[in-house]
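Architecture at a glance
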Amino acid sequence: MSFSSLVSDLTHRAASERDDMRSQASKARSYTSTAATSVSISGDISSQLHGGYSHPLARSWQAERQLTKSMLIYPLFISDQPDDETLIPSLPNMHRRGLNKLVPYLKPLVARGLRSVILFGVPLAPNCKDALGTAADDPSGPVISAIRLLRKSFPTLFIAADVCLCEYTSHGHCGILRDDGALNNALSCERISDVAMAYADAGAHCVAPSDMNDGRVRAIKLKLIESGIAHRTLLMSYAAKFSGCLYGPFRDAAGSSPSFGDRRCYQLPPGGRGLARRAIARDIAEGADVIMVKPASQYLDIISDAKDIGKDLPVAAYQVSGEYAMIHAAAKAGVFDLKTMAFESTEGILRAGASIVISYFTPEFLDWLEN
Ligand SMILES: NCc1[nH]cc(CCC(=O)O)c1CC(=O)O
Ligand SMILES: [Zn+2]
Ligand SMILES: [Zn+2]
């Protein structure tokens, strides 16, 4: 029975009962029981959903995946100044930290259940940037030093290293440039895979290329295999990374804004769903162990596509700096409660298909979650 015919059936029944001149109470009783026996059984059963989620535990059963601490990866900005601990104004509660500040900061977080971090290097020393991003794999640079330090200090912590050149190049682009200012794809893949190798050699459990050069996943995987460390190195590809305006606070934090132009010739156009599907399929074919979609909340369809294309791979989603800053700004303006939105946005990301979330809310979630 359709909803409208059900309503009209009940309306007629109620009207005829009104003619009976019975008391209000007995009228209500008989209305209820008459309705229950006259409505078709299938219609009656399918209209009753509330019982399935009236209890908080039952509500939690409605989700395919519950957010847990092991799904979270926490981004860290590692400064090359050992005593640096600078608040990043556009990224609430986030700091750039030097090596000397890292372990004291992380100790209580690890005690509260922090399982994984992703490292971004921030070179601040004067004149350390050049056209090739030489500082990216400087053995005494911030990322390699931090990998060694964290491996030693926190034996169970999973350490991922973002692999890109934009933090280290004088021009701020994510690769090596040709004379005309476009990316030199072959040279960039060569350089990016060398940097990834250096991080994996230093002990990173995961290397995550965010540069978007074509073929860099294959280049990295081949070098990992060649040097006999592929078996212990997870390759997480920023497979569907969109251009747009949500990376601003990150670029403030990492000092990685391009000095000219933008990244629209290598990061994906926001409307490019088919292109994202091709990039995801390509990176899986090239040997990615995990595929990532970034940003997250504006690209939930892409997360769902990623799960569909990469059925047998975990999908990661990066709730990026701009998303995080927006949520903070809106909460501050009284639009909603910060914690409620931190959960709601993350649950949307999981519902779309992600099982790993890179989130600046990680320290808060460690307080909010039980496991
Ligand atoms: N390749 C650099 C990189 N790696 C991760 C992010 C963004 C992360 C964030 O905004 O939180 C960026 C910024 C960019 O591409 O300009
Ligand atoms: Zn980059
Ligand atoms: Zn990056």
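Just so you know, these numbers come straight off a predicted model, no measurement behind them.

As a further point, take the pairing of strand S7 (residues 234-241). S7 sits mainly inside the fold: 7 of its 8 residues count as buried. As defined by bridge partners, strand S6 (residues 206-209) adjoins S7 across 2 bridges and the pair is classed as parallel. Following the sheet pairing, Val 207 is matched in S7 by Leu 235. As a crossover connection, the stretch from S6 through helix H8 (residues 216-226) into S7 is right-handed.

Residues annotated by UniProt as "binding site: 5-aminolevulinate 2" (unreviewed entry) correspond here to Ser 321 and Tyr 360. Look at the named residues: they lie 40 residues apart in sequence, but the longest C-alpha span between them is just 7.6 Å, so in the fold they bunch up. When you line up the elements, Ser 321 lands in helix H12 (residues 321-332). Classification of Ser 321 by C-beta neighbours within 10 Å gives buried; the count is 24. Beyond its immediate stretch of four places on either side in the chain, Ser 321 contacts Leu 91, Tyr 247, Gly 248, Pro 249 and Phe 250. With respect to the secondary-structure elements, Tyr 360 resides in the loop between strand S10 (356-359) and helix H14 (362-368).

Moving on, we come to the site of ligand 1. The local shell around ligand 1 holds 13 residues, among which Cys 164, Tyr 247, Phe 250, Val 320 and Ser 321 are the closest. Residue composition of the shell around ligand 1, grouped by class: 6 nonpolar, 3 polar and 4 charged.

Two quantities define a packed helix pair, namely the angle between the helix axes and the distance between the axes. In the contact formed by H12 and helix H13 (residues 338-352), the axes pass within 9 Å of each other and the chain directions differ by 145°. At the point where H12 passes H13, the crossing takes the right-handed sense. Mapping the contact onto sequence places Ile 327, His 328 and Ala 331 in H12 and Leu 338, Met 341, Ala 342 and Ser 345 in H13.

Before going further, it helps to spend a moment on helix H11 (residues 300-309). What H11 keeps buried is the set Ile 302, Ile 303, Asp 305, Ala 306 and Ile 309. When H11 is viewed along its axis, its buried side chains cluster within an angular range of 160° and face the same direction. Here the buried face of H11 lies against S7, helix H10 (273-285), strand S8 (290-294), strand S9 (315-319) and H13.

Below, the discussion takes up the UniProt feature "active site" (unreviewed entry) in the protein. Those residues carrying the UniProt feature "active site" (unreviewed entry) are Lys 241 and Lys 294 in this numbering. These annotated residues cover 54 residues of sequence, but their C-alpha atoms sit close together, with the largest distance between any two at 4.9 Å. Topologically, Lys 241 is positioned in strand S7. Classification of Lys 241 as buried rests on a count of 26 C-beta atoms within 10 Å. Setting aside anything within four residues of it in sequence, one finds Lys 241 in contact with Ser 210, Met 212, Gln 267, Leu 268 and Lys 294. Looking at the element boundaries, Lys 294 is found in strand S8. According to the C-beta neighbour criterion, Lys 294 is buried, with 25 such atoms within 10 Å.

With that out of the way, let us pick up the packing of H10 against H11. The N-to-C vectors of H10 and H11 enclose an angle of 35°; their axes lie 10 Å apart at closest approach. Relative to H11, H10 is oriented so that their crossing is right-handed. The residues of H11 that touch H10, namely those facing Arg 273, Ala 276, Arg 277, Ile 280 and Ala 281, are Asp 301, Ile 302, Asp 305, Ala 306 and Ile 309. For the contact of H10 with H11, a count of residues per class yields 6 nonpolar, no polar and 4 charged.

Turning our eyes to something else, we now look at the environment of Glu 347. Within the element layout of this structure, Glu 347 appears in helix H13. Residue classification places Glu 347 among the partly exposed positions, given that 14 C-beta atoms sit within 10 Å. Once the C-alpha coordinates of Glu 347 and Gln 66 are considered, the two residues, 281 residues apart in sequence, prove to be 7.8 Å apart. Leave out the neighbours within four places in its chain, and Glu 347 touches Ala 63 and Leu 67.

What counts and what doesn't
- Residues numbered from 1 in each chain as written.
- Chains lettered and ligands numbered in written order.
- Predicted model: local features only at pLDDT ≥ 70, side-chain atom pairs only at ≥ 80, totals over all residues.
- Buried ≥ 20, exposed ≤ 12 C-beta atoms within 10 Å, placed from the backbone.
- Helix = DSSP H or I, 4+ residues; strand = E, 2+ residues; numbered from the N terminus.
- Pairing = 2+ DSSP bridges.
- Right-handed = clockwise from strand over helix to strand, strands pointing away.
- UniProt positions renumbered as here; feature names shortened; annotations may be inferred.
- Contact = placed C-beta atoms within 7 Å.
- Near = placed C-beta within 6 Å.
- Nonpolar A, V, L, I, M, F, W, Y, C, P; charged D, E, K, R; others polar.
- Axes fitted to C-alpha atoms, helices over the stretch in contact; angles between N-to-C directions.
- Left-handed = near helix turned anticlockwise from the far one by under 90°.
- Arc of directions from axis to C-beta.

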